[in-house]
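Survey of secondary and tertiary structure
The residues making up each chain are set out below.
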Amino acid sequence: MSPSPLALPPLTLVIGGARSGKSRYAETLLRRSGCARVYIATAEAWDDEMRARIRSHVQDRGPDWITIEAPHDLAGALAHVGEGQAVLVDCATLWLTNRMLAEADLAAETATLLAALRVCPAPVVVVSNEVGWSIVPENALARAFRDAQGRLNQHLAAEADLAVAVMAGLPLALRGQLP
């Protein structure tokens, strides 16, 4: 007997450090949902190492995911999602990096993203990095990024029905209950 599908809340935030297992955990949530799975990818492949990482992630997920490349326009990508689907945004950190490097108005971009998440007809799981537990960066751009990432994470967590921190592959509920 197969387990019953997992009902995902409208918005889940999965946050953790590099190689914490956050993406794998988020993918598991979507697999358990029983919904058609949509992967919104925010990475841009600027070099061979990143291209190899992206290929590896695609192979690990398998062929039964719909992939939307959205390194800059997350709100637009979310507008193409429908009922009966579940969405994984991986990740908010790379999206923020892309928008910072494009010198975008981050407050306006964040407001647009949050509005799109509120009206999305499918449950959305957003993966993001926790970058504030490290040392204070030595240059202004890195400090600005760390601060912007912290603000974005706070906004996402405030909107999320379920917020999960992942460390060493282990999930810890920050808001809501783990499924």
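A closer look at the packing of aromatic side chains
- A full pass over the atoms with the stated rule returns 1 aromatic pair.
- Taking 6.2 Å as the distance between ring centres and 80° as the angle between the ring planes, the aromatic pair formed by Tyr-39 and Trp-65 counts as edge-to-face. Separated by 26 residues along the polypeptide, Tyr-39 in strand S2 (residues 36-41) and Trp-65 in strand S3 (residues 65-69) bring together distant segments of the chain. No difference in accessibility class separates Tyr-39 from Trp-65, as the two residues are buried.
- Lying across the ring of Tyr-39, Arg-61 places its NZ or CZ 3.4 Å from the centre.

Description of helix H6 (residues 140-159)
- For H6, with 20 residues, the first-to-last C-alpha span of 29 Å sits near the 28 Å given by 1.5 Å per residue.
- Listed in full, the buried residues belonging to H6 are Phe-145, Ala-148, Gln-149, Leu-152, Asn-153 and Leu-156. Viewed along the axis of H6, the buried residues span an arc of 140°, placing them on a single side of the element. Pointing more than 90 degrees away from the buried face of H6 are the exposed residues Ala-140, Gln-154 and Ala-158.
- Looking at the packing, one finds that the buried side of H6 touches strand S1 (11-16), helix H4 (92-101), helix H5 (106-119) and strand S5 (124-129).
- A side-chain oxygen of the first residue of H6 lies 3.2 Å from the backbone nitrogen of Leu-141; this N-cap is Asn-139.

Concerning the side chain of Lys-22
- Turning to its location among the elements, Lys-22 is positioned in helix H1 (residues 22-33).
- A distance of 2.8 Å separates a polar atom in the side chain of Lys-22 from the backbone oxygen of Gly-17.
- Residues in contact with Lys-22, not counting those within four places in the same chain, are Val-14, Ile-15, Gly-16, Gly-17, Val-127, Ser-128, Asn-129 and Val-166.

The rules behind each value
- Residues numbered from 1 in each chain as written.
- Predicted model: local features only at pLDDT ≥ 70, side-chain atom pairs only at ≥ 80, totals over all residues.
- Heavy atoms only, no water.
- Phe/Tyr/Trp six-rings, centres within 6.5 Å; stacked < 30°, edge-to-face > 60°.
- Helix = DSSP H or I, 4+ residues; strand = E, 2+ residues; numbered from the N terminus.
- Buried < 20%, exposed > 50% of the residue type's maximum accessible area, 1.4 Å probe, protein only.
- Lys NZ or Arg CZ within 6 Å of the ring centre and 35° of its normal.
- Expected span 1.5 Å × (residues − 1).
- Arc of directions from axis to C-beta.
- Contact = heavy atoms within 4.5 Å.
- Polar contact = N/O pair within 3.5 Å; in protein donor to acceptor, adjacent residues only side chain to side chain.

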